[in-house]
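Residue-level structural notes
Chain by chain, the residues run as shown.
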Amino acid sequence: MCGIVGYVGPRPSQDILLAGLARLEYRGYDSAGIAVIDESGELGMRKKAGKLKELRDSLATAALGDGTTGIGHTRWATHGGPTDVNAHPHLADDDRLAVIHNGIIENFAALRDELAAEGVTFRSETDTEVAAALLGREYRRTGDLQQAFRDVVNRLEGAFTLLAMHKDHPGLVVGARRNSPLVIGLGEGENFLGSDVAAFVEHTRKALAIGQDQIVAITPSEVTVTDFDGNPVEAAPFDVSWDAAAAEKGGWSSFMAKEVAEQPEAVGNTIRGRIKDGQVVIPELDGMDELFTGIRRVIITACGTASYAALVGKYAIEQWARVPVDVELAHEFRYRDPVIGDDTLVVSISQSGETMDTLMAVKYARERGARTLSICNTQGATIPRESDAVVYTHAGPEVAVASTKAFSAQITALLLLGLHMGRVRATLSDASAEVAELAALPEKIATVLSEEHDHVEQLAHWMADTRSVLFLGRHVGFPIALEGALKLKEISYIHAEGFAAGELKHGPIALIEPGQPVFVIVPSPRHSALIHSKVVSNIQEIRARGARVIVVAEEGDAAVLPYADEVIRIPLAGAMFEPVLAVVPLQIFAMALATAKGLDVDQPRNLAKSVTVE
Ligand code: F6R
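First, a word on scope: everything that follows refers to the structure included in this document. Being a predicted model, the structure only gives us computed values, none of them experimental.

Let us now look at the nonpolar core. In this structure, Leu373 and Met421 are the most contacted members of the largest nonpolar core, which totals 93 residues. The element best represented in this core is helix H17 (residues 578-596), accounting for 13 residues. For methionine 421, the contacting residues outside a window of four places in its chain are Phe292, Ile295, Val298, Ile317, Ala321, Val323, Leu345 and Thr427. Counting residues in each nonpolar core, the second largest holds 30 residues, with Phe108, Leu111, Ala132 and Phe228 among its members.

The side chains of a regular strand alternate between both faces of the sheet. In terms of burial, strand S17 (residues 297-302) is a largely internal element, 5 of the 6 residues being buried. Looking at chain direction, S17 and strand S19 (residues 344-350) are connected through 5 bridges and run parallel. The residue bridging isoleucine 300 from the neighbouring strand is valine 347, located in S19. In the sheet, S17 pairs with strand S18 (residues 325-329) via 5 bridges, with the strands oriented parallel. Bridging from a neighbouring strand, alanine 302 pairs with leucine 329 of S18.

With that settled, consider the environment of alanine 389. Among the structural elements, alanine 389 can be located in strand S21 (residues 389-392). Overall, alanine 389 belongs to the buried group, its relative accessible area being 4%. Counting along the chain gives 18 residues from alanine 389 to arginine 371, while the straight-line C-alpha distance between them is 8.8 Å. Here alanine 389 is in contact with Leu285, Met288, Leu291, Thr372, Leu373 and Ser374, once residues within four sequence places are set aside.

Rules behind the numbers
Residues numbered from 1 in each chain as written. Predicted model: local features only at pLDDT ≥ 70, side-chain atom pairs only at ≥ 80, totals over all residues. Heavy atoms only, no water. Core = buried A, V, L, I, M, F, W, Y, C linked by side-chain atoms within 4.5 Å. Buried < 20%, exposed > 50% of the residue type's maximum accessible area, 1.4 Å probe, protein only. Helix = DSSP H or I, 4+ residues; strand = E, 2+ residues; numbered from the N terminus. Contact = heavy atoms within 4.5 Å. Pairing = 2+ DSSP bridges.

What follows is the structure in structure tokens.
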């Protein structure tokens, strides 16, 4: 939610900021703006409602000049609609000071009243302008930007990443973070700030992670990090493992198309280095066996797509590590009084590592004494830093708002975790079959992509006028039904619902009328003839009521043929591994249908990729 970039150095900042914002646009795209300060201390600012293109077009007509200090923002609106005026930056101190912000300042109304009583007037409806005005007041009082900035952040409540610069101080950008992301990029004679490394990876892959409640000041030659009281702290250095090209579209029609196609690699990279002597051994968890042996239960917490990966993880971890697993939506978890303690392992899953709901659940779990492990795709992100242990997915940067390759990498990481736990807990004596399944997974995903892509795309074209689609699954097919429905909703704006196939007769079957399209994820009869036969019965039930049945089934499963209008085939795989294959046609379907409707599959309406507000 909202992308932030800052730059100080010798180069004109306008284009650097715009390029950084283009890479961060997935975080929010309802308005964008930049401000720059030149050597003579002139501050220029431009902001525009709409996608980044509007800002670009405006700057192409009249550039802001060659100021070498700058900040830029791409917004996902919280306080105040997506208008020019509410876009960031916000100015204060007689337009001598510019501020950008990501997050929500919860006490903004009280601060606004306090400032209004002193005669301050506001142009926008945003909480950010209140922070800017407060900084203006404190700067006038102290004459010291860094001191004033510290005073301000200490008065703010809620979640924020805040960047500020003042025309009296060309060559200086100050920033702070509380529960919202901010990382530093270290260049040669220039430095960067960004919501994530995508903001500056084109210029440097050397980065510093900033902890909670810390302040940073960057000049071209120096980076200082302190806590909110001004005490120096050491920021953790890390190297960005991917390069700028990985975050480019590279000839694909959309980032989503590219990311769907990258799944064999994403899964392969997540497995790499984690199989040793025919066993799963996750090196990051070395010396941490106690994390898994001293527990009586596991709770997996996540939101959206990541929570569906969690559901697959539940089946796998319970089967292999013989420990009860519950899955909790992160935003529900801490608002009841869950029974957790030091015998509980709370596993969080997050592509971004910044989802506020998930972060708060992790913090809550820690406060209650639980052990915490995160599965995350983003280096330097907050959630892994707040956890006792982390298992990274290596899906590479995911830019499209709808998650695809991160999802298959998350399931893969959960399968690895389940097998690692099974070994450590001595509940799985021989994992050779599972290890072989893991190793074969990338190739099998590639097969689904090559053999079913055109078929599914054609199907989506035929169904471009469809107004509602249902998805059914049983066992690990159930989370895939949920994910298929979510993908379709979010990018093609079609009503879609996923159900556990067994639940159908308890109500949802009333939705079936002649012509209603229903996707059914059919588990292999080789794993359980019983589960398979139940799903085939469910297909017969909906078919009898006129549903148009599209089946996702393994190669050679002939039992589905008499009742299916369309059959999409996936290669034979172990029960826990099928979800990674079955989801691929559903991703392609959603993408093709949205494209057929002329929609922007990468940036669907109302959404942002990294949800950093609760
Ligand atoms: C859907 C989607 C979201 C995210 C959810 C959690 O395609 O991407 O449902 O899965 O917002 O995001 P992360 O994984 O970053 O915590």
